[in-house]
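Spelled out from the first residue to the last, the chains are:
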Amino acid sequence: MEQRILQIALDTPLHTVFDYCWRPQEEGEEIPAIGHLVVVPFGRREAVGVVVGHVQASELGADKIKNVIAVRRQMAPLSAHWLALCGFAADYYQRPLGEVMLPGLPKNLRALTTVALDKALKALDKTPAPKKRKAKARAAGAEPVDPAELPAAEQPQALPDPMQFGPAPSLNAAQQEAVDAIAGADAFAPLLLYGVTGSGKTEVYLQAAAAILQRAADAAQADGRPPQDGPPAQILVLVPEINLTPQLEGNIRARFPHLNVVALHSGLAEGERARNWLAAHLGQAHIVLGTRLAILSSLPHLKLIVIDEEHDPSYKQQEGLRYSARDLAVWRAHQLGIPVVLGSATPSLETWQHAQAGRYRRLELRQRAAQQAVLPKVKVIDMERDKPVDGLTSTLIAAVRKRLEHGEQSLLFLNRRGYAPVLACDACGWISNCMRCDAFMVVHRPERRLRCHHCSLELHIPKSCPTCGNVDLQPLGRGTQRVEEGLHAIFPEARVLRIDADSTRLKGSAQSAFDSVHRGEVDILIGTQMVAKGHDFKKLTLVGVMNPDTALFSHDYRASERLFAQLMQVAGRAGRAGLSADGSSGEVLIQTRYPHHPLYQAVTRHDYDGFAGELLDERRQAYFPPFMYQALLRAEARELEQAMAFLKEAANILDAPAITINEPIPMTMMRVANTERAQLLVECASRPALQAFLKEWLALLRQLRTRARWSLEVDPVDI
DNA sequence: AGCACGCCGACT
DNA sequence: GTCGGCGTGCTC
């Protein structure tokens, strides 16, 4: 009897694959292919895994090897490219293969029952698009049908040509050049699309996508395949946040009305997520629009990847497998020999350095695309000279008033949610420290609660000081809720809307908030970085930045890069549609105590090039990324000593010539939710040397018996 | 990670 | 007399 051993990747922290025995259930049944999903017994339970190899014999005793329970044959096996992608990510980020593969699949597909999978497949199958009917008939082994015998509605010439695109605006010369460079690439091509907000990057993505889809359709036709038959090409577009998908999805659907466009992000219901993922996996979806998790989706005909706002920190996953979707996108494009477009007005220094060194081609859009739209005027307000009341300087108040009089919208940007960052007692000096973390508990006035933003602890706002009984407790500082309150007092007639993580907690509420801004039902918008990204508010002509200074003196060397990007991005919300009613362009006012700081000066000049150049010089001299590669070993335990002891041992367990192992240090936010944390930074000028070291190092660390919990992050962003 | 087994304190 | 604490050990 035929008997084969399958190597199967399972979602477990163990750094190995598992051998299982496969026996045909019925005569002639073929062995599951590499890439098939299977169900296997694992310990006391059952688990879904991915077949990653076939071997003749196992090193394990025959008595230990269990049998495969079921094979998900209704789902096509995952491709060799997808397996290679997961293999690369597992190696690079030093995680087990199964921990990369399985969490990347929708829950419904890795469930122990097939109900949801079959339902999703059925839903996809009966979508009555002509191309699918034909493909289905072919798969079922049907005889080719003579077109003349088909009813008129099914005559091929009567079918809509999927490559008919909606009307496209004409491009300026720089945009056209970019489209040609992207669509003309016939091999791996990393392209930095560098253009200010409003310069028409989206239009470049759409027209490049159209050109690539069209060319693939033409090639298919030349091969004798009708345009409706099968998917000629797939395009993956990533955006940083779920909030940005509806607007872009609308644009894409309007432009490509006959194409299958699907979204992939964590906001989808499980059923829809499974359907969309399968549509991508089966090659039915032409365009996949998603957040970072979509980079791990299966796309058999992938021909172009677009990473919009490539500098955005959200592309880095911050828990579990800590991958960079941008870096994996570049790897995927390289592997497939296709173009990858990294779009940004303020590229990450990593990407900028690649472009400077000529490894990435730079495509530049210098002008705003909309007629009359020019870059907003950015001014700095010196808070030492114009003292703020309720956080607002008289200059900013006057500017908002002017917009109100003209019926235009203002946006106030404050990257601090809640009412006040801390509650304090004047009498005894008590402050609202979190009892579980080294952090302040933030005053949330509407909910009448103190909330710790680091752990989930929530308390009622005390009526009196817990230490001395004083009833006059003072909120110190200002968050978005308090500014909202102040705005109501200053502009009682204005319609004020606050948008932050708290006001948009309910599903769909963020979208309806943005919609009401678009409909002009809001005069003054106050929000955190949620409002800084992507949204194109036609009537918005003023942006006020309330208190960005804290980031200037952060110990995180990336803070100024991030602040600059954030300010440029929020500034880009102003005046996108054109001139203000009084003929002026959009206006940006930044309140600061350091009006002469080079960062603000660079923002007022819209001078990314210059500022990036200075930052890169600093990084080069300080041996920071992108001139150095890093990995961070984190440890946590009930007692700091346990975490430190583990890190000290780790620091001495393996020597390597090119590797710098720094001193273990307790973390700034030492105590979070009753655990103490410390970390150890490892650096190396060579990425391969660092990779080789990490592999060997972690094998040793796993053998260590320690009471500390630990994890490694490759290419950490928050140190 | 789950999920067992394995020995010592406060409850029906 | 049991329920349950989390220590440590295993998963093909």
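Reading guide: rules and limits
Residues numbered from 1 in each chain as written. Chains lettered and ligands numbered in written order. Predicted model: local features only at pLDDT ≥ 70, side-chain atom pairs only at ≥ 80, totals over all residues. Heavy atoms only, no water. UniProt positions renumbered as here; feature names shortened; annotations may be inferred. Salt bridge = Lys/Arg side-chain N within 4 Å of Asp/Glu carboxyl O. Helix = DSSP H or I, 4+ residues; strand = E, 2+ residues; numbered from the N terminus. Buried < 20%, exposed > 50% of the residue type's maximum accessible area, 1.4 Å probe, protein only. Pairing = 2+ DSSP bridges. Axes fitted to C-alpha atoms, helices over the stretch in contact; angles between N-to-C directions. Near = heavy atom within 4 Å. Polar contact = N/O pair within 3.5 Å; in protein donor to acceptor, adjacent residues only side chain to side chain. Nonpolar A, V, L, I, M, F, W, Y, C, P; charged D, E, K, R; others polar. Expected span 1.5 Å × (residues − 1). Contact = heavy atoms within 4.5 Å. Core = buried A, V, L, I, M, F, W, Y, C linked by side-chain atoms within 4.5 Å.

With an unreviewed UniProt entry as reference, chain A is termed Replication restart protein PriA, source organism Herbaspirillum robiniae. Recorded under Subunit (unreviewed entry), the UniProt text for chain A is reproduced unchanged: "Component of the replication restart primosome." The Sequence similarities (unreviewed entry) comment attached to chain A in UniProt states, word for word, "Belongs to the helicase family. PriA subfamily."

S.K.: Describe the pattern of salt bridges, naming the residues involved and giving the relevant values.
M.R.: Counting across every chain of the model gives 37 salt bridges. Taking the shortest distance from any N to any O, the salt bridge between Glu 249 and Arg 253 comes out at 2.7 Å. Residue Glu 249 and its partner Arg 253 are located together in helix 7 (residues 245–255), separated by four residues, close to a single helical turn. Judged by relative accessible area, which is 37%, Arg 253 ranks as partly exposed. A salt bridge links Arg 326 to Glu 310; the nearest nitrogen and oxygen atoms lie 3.0 Å apart. Highlighted residues: Arg 326 in helix 9 (residues 325–336) and Glu 310 in the loop between strand 10 (302–307) and helix 9, separated in sequence by 16 residues. For Arg 326, a relative accessible area of 13% corresponds to the buried category. Glu 310 sits in the buried class, given a relative accessible area of 0%. Residues joined by salt bridges that share partners form a network here, namely Arg 417, Glu 447, Arg 449, Arg 451, Glu 458, Asp 502 and Arg 505.

S.K.: Quick rundown of the sheet that holds strand 21 (residues 524–527)? Include the residues and the values.
M.R.: Across a sheet, paired strands are connected by hydrogen bonds in the backbone, their directions being either parallel or antiparallel. Strand order in this open sheet of six strands is 13-23-22-14-21-20, and the pairing throughout is parallel. Here the strands that pair on one side only, and so sit at the sheet edges, are strand 13 (377–382) and strand 20 (496–499). Going across the sheet, the axis of each strand differs from the next one's by a mean of 20°, ignoring polarity. The pairing of strand 14 (residues 409–413) with strand 21 spans four bridges and is parallel. When the sheet's bridge partners are listed, Leu 412 is paired in strand 21 with Ile 526.

S.K.: Before we move on, can you summarise the protein's contact with DNA strand B with the specific residues and values?
M.R.: Neighbouring residues of DNA strand B: Pro 13, Arg 45 and Arg 709. The contact atoms of DNA strand B, taken as those within 4 Å of the protein, divide so that sugar and phosphate hold 50%. In the model, a phosphate oxygen of DNA strand B is placed 3.1 Å from a nitrogen or oxygen of the Arg 709 side chain.

S.K.: Outline the protein's contact with DNA strand C, supporting the account with residue identities and numerical values.
M.R.: Taken together, the neighbourhood of DNA strand C is formed by Leu 14, Phe 18, Asp 19, Tyr 20, Pro 41, Phe 42, Gly 43, Leu 60, Lys 64, Ile 65, Lys 66 and Arg 705. Near the protein, meaning within 4 Å, the atoms of DNA strand C are sugar or phosphate in a fraction of 54%, with bases accounting for the rest. In this structure, Pro 41 approaches DNA strand C through a main-chain N or O atom, which is 3.2 Å from a phosphate oxygen. Measuring from a phosphate oxygen of DNA strand C, one finds a side-chain N or O atom of Lys 66 at 2.6 Å. Put simply, the parts of the chain that give the surface near DNA strand C at least two residues each are strand 2 (18–22) and strand 3 (37–42). Ranked by residues supplied to the surface near DNA strand C, first place goes to strand 2 with three residues. Taken together, the residues that form the surface near DNA strand C break down as seven nonpolar, one polar and four charged.

S.K.: Before we move on, could you go through helix 6 (residues 201–222) and cite the residues and values that matter?
M.R.: In a regular helix each residue adds 1.5 Å, so 22 residues correspond to 32 Å; helix 6 covers 32 Å between its end C-alpha atoms and thus fits that length. One or two steps after helix 6, the chain reaches Gly 224, where phi turns positive at roughly 90°.

S.K.: Outline the UniProt feature "binding site: Zn(2+) 2" (unreviewed entry) in chain A, supporting the account with residue identities and numerical values.
M.R.: Sites flagged by UniProt as "binding site: Zn(2+) 2" (unreviewed entry) map to Cys 434, Cys 437, Cys 452 and Cys 455. These annotated residues cover 22 residues of sequence, but their C-alpha atoms sit close together, with the largest distance between any two at 8.8 Å. Here Cys 437 is to be found in the loop between strand 15 (422–425) and strand 16 (441–444). Judged by its relative accessible area of 1%, Cys 437 falls in the buried class. Tracing the backbone through its elements, the reader meets Cys 452 in strand 17 (residues 449–452). Cys 452 gets classed as buried once you look at its relative accessible area, which sits at 3%. Leaving out residues up to four positions away in the same chain, Cys 452 has contacts with Cys 434, Cys 437, Met 441 and Leu 457.

S.K.: So, the sheet that holds strand 2: which residues are in play, and what are the values?
M.R.: Taken together, five strands build an open sheet; the order of strands is 2-1-4-3-5 and the sheet is antiparallel. One side of each edge strand has no neighbouring strand; the edge strands of this open sheet are strand 2 and strand 5 (70–71).

S.K.: Any chance you could break down the nonpolar core for me, citing the residues and the numbers?
M.R.: In this structure, Leu 236, Leu 278, Ile 295, Ile 305, Leu 599, Leu 633 and Trp 697 are the most contacted members of the largest nonpolar core, which totals 123 residues. Every residue in contact with Leu 633, bar those within four places of it in the chain, is listed here: Phe 646, Leu 647, Ala 650, Ala 678, Gln 679, Leu 680, Trp 697, Leu 701, Trp 710, Ser 711 and Leu 712. One finds Ala 178, Leu 191, Ala 209 and Leu 304 within the second-largest nonpolar core, a separate group that totals 38 residues.

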